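Architecture and fold: a report
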Amino acid sequence: MVNITLNGDPHKVQKGQRLFDLLQDLKLDPGKVAVERNLEIVPKSTYQDIKLDEGDRLEIVHFIGGGKTV
Amino acid sequence: MNNDRFNIAGMNFSSRLIVGTGKYKDFEETALAVEASGAQIVTVAVRRVNVMDPNQPMLVDFLDPKKYTYLPNTAGCFTADDAIRTLRLAREAGGWNLVKLEVLGDQKTLYPNMVETLHAAEVLIKENFDVMVYCSDDPIMAQRLEDLGCCAIMPLGAPIGSGLGIQNPVQIRLIIEQANVPVLVDAGVGTASDAAVAMELGCDGVLMNTAIAEAKDPIAMARAMNLAVQAGRAAYFAGRMPKKLYADPSSPLAGLI
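What counts, and at which threshold
Residues numbered from 1 in each chain as written. Chains lettered and ligands numbered in written order. Predicted model: local features only at pLDDT ≥ 70, side-chain atom pairs only at ≥ 80, totals over all residues. Heavy atoms only, no water. Helix = DSSP H or I, 4+ residues; strand = E, 2+ residues; numbered from the N terminus. Rg over C-alpha atoms; globule rule 2.2 N^0.38 Å. Buried < 20%, exposed > 50% of the residue type's maximum accessible area, 1.4 Å probe, protein only. Core = buried A, V, L, I, M, F, W, Y, C linked by side-chain atoms within 4.5 Å. Contact = heavy atoms within 4.5 Å. Pairing = 2+ DSSP bridges. Axes fitted to C-alpha atoms, helices over the stretch in contact; angles between N-to-C directions. Buried area = accessible area lost by both parts, 1.4 Å probe. Salt bridge = Lys/Arg side-chain N within 4 Å of Asp/Glu carboxyl O. Polar contact = N/O pair within 3.5 Å; in protein donor to acceptor, adjacent residues only side chain to side chain. Disulfide = S-S within 2.5 Å. pLDDT = per-residue confidence, 0-100. Parallel < 35°, antiparallel > 145°, perpendicular 65-115°, else oblique. Left-handed = near helix turned anticlockwise from the far one by under 90°.

A closer look at the overall build of chain B
Within chain B one finds eight helices and 10 strands. For 257 residues, the compact-globule estimate of 2.2 N^0.38 gives 18 Å, and chain B sits close to it at 19 Å. Its C-alpha atoms give chain B principal-axis dimensions of roughly 85 × 40 × 40 Å. Each of the 257 residues in chain B was classed as buried or not, and the buried ones make up 51%.

Description of the nonpolar core
Counting 70 residues, the largest nonpolar core has L101, V131, L145, I153, V189, M208 and M225 of chain B as the members making the most contacts within it. When residues in this core are grouped by element, the largest group, seven residues, is from helix α2 (residues 80-94) of chain B. Dropping the residues within four chain positions of it, V189 of chain B is found in contact with G163, I166, D194, A195, V206, M208, A211 and M225 of chain B. Among the nonpolar cores identified, the runner-up in size contains 19 residues, and L19, V35, I50 and L58 of chain A belong to it.

Some remarks on the sheet that holds strand β6 (residues 98-101) of chain B
All names here are of chain B. Taking strand neighbours across the sheet as the criterion, the three strands line up as β6-β7-β8 in an open arrangement whose pairing is parallel. A single partner strand is all that each edge strand has here, and the edge strands are β6 and β8 (152-155). Across the sheet, the mean angle from the axis of one strand to that of its neighbour is 20°, orientation sign disregarded. For β6 and strand β7 (residues 130-135), the ladder comprises four bridges, and the chain directions are parallel. Opposite L101, over in β7, you have V133 as the bridge partner.

Remarks on the interface of chain B and chain A
Contacts between the two partners involve 38 residues from chain B and, on the opposite side, 29 residues from chain A. Where chain B abuts chain A, roughly 3,000 Å² becomes buried across the two surfaces, and 64% of that area is made up of carbon and sulfur atoms. Three residues, R48, L89 and E92 of chain B, lead the burial of chain B against chain A; their summed loss comes to 22% of the area buried on that side. On the surface where chain B and chain A come into contact, there are three salt bridges. For D61 of chain B, the salt bridge goes to K32 of chain A, with nearest N and O atoms at 3.0 Å. Run the count over chain B and chain A and you get nine residue pairs in polar contact (both at pLDDT 80 or more). Those elements that provide at least two residues to the side of chain B that touches chain A are β4 (41-48), β5 (69-72) and α2 of chain B.

Quick notes on helix α1 (residues 27-37) of chain B
Residue and element names in this part refer to chain B. Of the positions making up α1, those classed as buried are E29, T30, A31, A33, V34, A36 and S37. Each element contacted by the buried residues of α1 is listed here: β3 (17-20), β4, α7 (210-213) and α8 (218-238). Following α1 by one or two positions, G38 adopts a phi angle in the positive range, close to 75°.

Some remarks on the state of the cysteines
Summed over all chains, the structure comprises zero disulfides over all chains. Looking at C203 of chain B, it has no disulfide partner, and the nearest cysteine sulfur is the one in C135 of chain B, 11 Å off.

A word on the confidence of the model for chain B
Mean pLDDT over chain B: 93, with 99% of residues reaching 70 or higher. Across the interfaces of the predicted complex, the ipTM metric reaches 0.89, alongside a pTM of 0.90.

Here's the deal with unusual backbone geometry
In this structure, K27 of chain A is a non-glycine residue whose phi angle is positive, near 60°. Structurally, K27 of chain A is set in the loop between α1 (19-25) and β3 (34-37). Judged by its relative accessible area of 60%, K27 of chain A is exposed. In this structure, A187 of chain B is a non-glycine residue whose phi angle is positive, near 100°. Note that A187 of chain B resides in the loop between β9 (184-186) and α6 (192-200).

What about the packing of helix α4 (residues 139-148) of chain B against helix α5 (residues 169-178) of chain B?
In helix packing, the relevant descriptors are the interaxial angle and the interaxial distance, both defined with respect to the helix axes. Residues and elements named next belong to chain B. The interhelical angle for the contact between α4 and α5, taken along N-to-C directions, is 30°, at an axis separation of 9 Å. As far as their axial angle goes, α5 and α4 are roughly parallel. Handedness of the α4/α5 crossing: right-handed. Residues P139, A142, Q143 and E146 of α4 form the contact with α5, whose participating residues are L174, I175 and Q178.

Considering the pairing of strand β1 (residues 2-6) of chain A
Residues and elements named next belong to chain A. With four of its five residues buried, β1 lies for the most part within the structure. One ladder, built from five bridges, connects β1 with strand β2 (residues 9-13); its direction is antiparallel. Residue pairing in the sheet places N3 in a bridge with K12 of β2. Hairpin connection between β1 and β2: a loop of two residues separates the two successive antiparallel strands, and N7 in this loop has a positive phi of roughly 50°. Across two bridges, β1 lies against strand β5 (residues 57-65) in parallel orientation. The partner of L6 across the bridge, within β5, is L58.

In structure tokens, the structure reads:
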């Protein structure tokens, strides 16, 4: 297992786990989210290729209701 | 009026009202209010997903992104870097370039930080974003943003969420007069007449959230705003009568008994 930070919280994943599989494990629809890894945008087309490393910092976001500052 | 389309970044719309999707009771109410408003563009925020509970309802299940143009915003960002990061993520999540930039400078007033806003706009435009920008009502700043390539200039009419109405008609008019891109009042509208005032000044559109979401009956207010924006636009084209200091009878005086 390796330690990553997922949306600000510590999280453990299998060594070499692919980002796509992490999203599946989290039951997140890859079509409805966007992922930033170590401050770099991860293109959706590469979710299958990205292997997670020790210390990776992931941000997984989606659209929520929002007008001005919410 | 039927041919009066609202063009933004190469897209065109029949509605000139853009509504926010925050502060509603639930997604059902959000969807009903958006429908009643007639808006075709809705602002949305970008936030971390709740990885502990991925089955929470999602906005996209209630407001179809194929039917409404999602305008991702940077609400809550206080630095250019945060705003840029947020919109890069938004583009990857949604797949489109049209975004709303807003960089705030102060918690109490939520007034825009124009130094950070200009910096963020420059970076985003270089990355081919179509940037609609929330800004102060300073015509010099508005011109700078247009020169940078922003596709819409959106000054505040009053502080965000204040509902005070258009406090700065002189500045808004100056910005409209000089602009070659759409100008929208973004923030400050409290009720339907405020939206009409903005449109009568010659704004291309109005963006609002709280005025609808925090009305006693948000869906009824959404309908009122829809009509007010149309009425204001029609009055702008009609051209108002000159203001006079004294009365001017509207019935002929000749033939009076």
